[in-house]
Each structure stands twice: as structure tokens, then as C-alpha cells.
Amino acid sequence: MGIEIINEPNTTTSWPMMNVTERYKAVDPELAEGTGPIAFDWLKNFYITAYHRLRDENKGALPTSKAVVFHDGFDIDQWKDFMRGEDGGLAPEFENVILDTHQYSMTAEMMGCPQTVEGYDDFVKNTYVPMIAEMGEYFPVIVGEWCLFNSVGCGVDTHGGQSVLNGEEGAHAETLSAEEKRALYQGVAESQLNVWSNGSGFYYWNYKLLTDTVNTPGWIGWDAWDLGRCIAQNWFPVQQ
């Protein structure tokens, strides 16, 4: 399909929300000194430089039949003026470029989304629907990462998807019955799929997990990251 220039650059928008240096402790604090977020002006210049290198005919160019994809750095509104020509459309020097955005319920929770089935549904309708529609006017938009994971399914507030690896204590027992969990996930799946289908593509994260979420303490609810398990447990809405 193409090449994405860089995955999830941690920008000035996402840095404070993700609390990076606390969430991911440095193995070597001295080497990590000066670690900080990426500025959008720098990132935009990086993307344009990378685009021209990828398309350079003297260096085995990536053909224009293959897309050059760039990630939004967790702030999709930053890209409305990117790669624009004098008429406001895509500048003629750029061909077949795609905007990639990663959208998770855990990120919505960090942005204040209530941890309820209704809260997730409202967030999808009032935030994701207009967002995908608006940005589709500027670039083809793919949702390169999404899944059914949310804190309700875990039975605890995960504080934006933090796990036992980040020092968060997970639930020790299921708080939802199998039927309640199925209804929860089928609801959030239907809401999100309706939106992503209006864009230019979407990719579930992930096909498979290596973590045994059933028998390992603290990992209840994390099997929602695993597409295979979601399908096996009938967590997607039934297709008519």
C-alpha cells in the first residue's frame, strides 16, 4: 500500500496527556536527560523532507501508486494547512498522501469521556464523526489503530490504558458477566465501525496478544486488544 514515515511521534499535544517520563521510566536517567516532546513545525518539515526522499527518482523512488502516510501526532487539527497549494487544495508536488490517526477509547477517557457505554457512544458521535468528516476534506484519512479496549471492560479505571507494566493494579475478578461484556463491546464496536467506514480505511490493533489475559493476574479486560479473541467471543455486532 505504501510507507508510513514514522509511527506515533510524541508531540507537544500528546506529551503532557500521556505523562511520558512517569509512565515509562528511563532505564538510564542520565541518557534520558533532555527528553521532551516533538514540536509540530519540526515534524511537518520532517514529513516534507521524508516525502521528497521517498519520491526521489534518483534513489529508487517509491512510485506514486504507493502512498506516503503520515501520522497526526495525536492532534488531527494540526494538519489542515499541511501540503496545501495556493488554491487551498493539495499542492501539485505531493501525490498520494494519506493522513493516519490512531483513536482509542482509552485516549477518549484521558480527554474526559465518561467511562460508561453511553459515554463512549456519545464521544464517538460527537467527536469522531465530525472529525473524520472534516479531515476527509483535506486528506484521505485512515484510522491506523483502534480496538475495543476500554476501562469498563477492565472493571477498573486504567488511567488511559496503563497496565501492571506501568504500576497500575488491574481487577482481580471480572465485574461484568459474559453477556454484559458482549453487549458492551458490541456497542462500542458498532459505534466505531460506523465512523471508520466513512474514512479511507481502518486497521484493528492487534491481531494477537502474547499476554495470557485469562490466567495472568491484573490483565482482565486486556483481551479486547486481540482481534482473534474478540471474534471468538462474538464481541463484534452481528452482520445482517
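The structure under discussion appears in the preceding block.
The present account deals with the structure reproduced in this document. (Residues numbered from 1 in each chain as written. Predicted model: local features only at pLDDT ≥ 70, side-chain atom pairs only at ≥ 80, totals over all residues. Heavy atoms only, no water.)

## Quick notes on helix α8 (residues 178–196)
What sets the pattern is the α-helix's 3.6 residues per turn: residues three or four places apart point alike.
So, point 1. For α8, with 19 residues, the first-to-last C-alpha span of 26 Å sits near the 27 Å given by 1.5 Å per residue.
So, point 2. Taken residue by residue, α8 has Lys 181, Leu 184, Tyr 185, Gln 186, Val 188, Ala 189, Ser 191, Gln 192, Leu 193, Val 195 and Trp 196 as its buried positions.
So, point 3. Contacts from the buried residues of α8 go to α5 (105–110), α6 (117–135), β4 (141–146), α7 (151–154) and β5 (202–204). (Helix = DSSP H or I, 4+ residues; strand = E, 2+ residues; numbered from the N terminus. Expected span 1.5 Å × (residues − 1). Buried < 20%, exposed > 50% of the residue type's maximum accessible area, 1.4 Å probe, protein only. Contact = heavy atoms within 4.5 Å.)

## Overview of the layout of surface pockets
So, point 1. Estimates place the volume of the largest pocket at around 690 Å³.
So, point 2. In terms of lining, the largest pocket is formed by 25 residues, of which the most central are Arg 23, Tyr 24, Met 106, Gly 161 and Trp 225.
So, point 3. Contributing elements (two or more residues each) for the lining of the largest pocket: α2 (20–23) and α5.
So, point 4. The leading source of residues in the lining of the largest pocket is α5, at three residues.
So, point 5. Classifying every residue of the lining of the largest pocket gives 13 nonpolar, nine polar and three charged.
So, point 6. One number sums up the size of the second largest pocket: a volume of about 310 Å³.
So, point 7. Residue lining of the second largest pocket: 20 residues in total, with Phe 74, Ile 76, Gln 103, Met 111 and Met 131 positioned closest to the centre.
So, point 8. Sort the elements by how many residues they give to the lining of the second largest pocket and α6 lands first, with six residues.
So, point 9. Each residue belonging to the lining of the second largest pocket can be placed in one class, and the counts come to ten nonpolar, six polar and four charged. (1 Å grid on protein atoms, 1.4 Å probe; cavity = no way out; pocket = protein on both sides within 12 Å on 5 of 7 lines; lining within 4 Å. Points joined across faces, edges and corners; volume = space filled by probe spheres on them. Nonpolar A, V, L, I, M, F, W, Y, C, P; charged D, E, K, R; others polar.)

## What about empty space enclosed by the protein?
So, point 1. Considering all chains together, one arrives at two cavities of 30 Å³ or more under this definition.
So, point 2. Its volume calculated, the largest cavity comes out at about 80 Å³.
So, point 3. Roughly 30 Å³ of internal volume is contained in the second largest cavity.
So, point 4. Lining of the second largest cavity is provided by Ser 105, Ala 108, Cys 113, Tyr 120, Phe 123, Val 124, Tyr 128 and Gln 192.
So, point 5. Among the secondary structure elements, those contributing two or more residues to the lining of the second largest cavity are α5 and α6.

## Topic: the pattern of salt bridges
So, point 1. A full pass over the atoms with the stated rule returns seven salt bridges.
So, point 2. In this structure, the salt-bridge partner of Arg 229 is Asp 226, at a minimum N-O distance of 3.2 Å.
So, point 3. Residue Arg 229 is classed as partly exposed on the basis of its relative accessible area of 24%.
So, point 4. Residues joined by salt bridges that share partners form a network here, namely Asp 77, Lys 80 and Glu 134. (Salt bridge = Lys/Arg side-chain N within 4 Å of Asp/Glu carboxyl O.)

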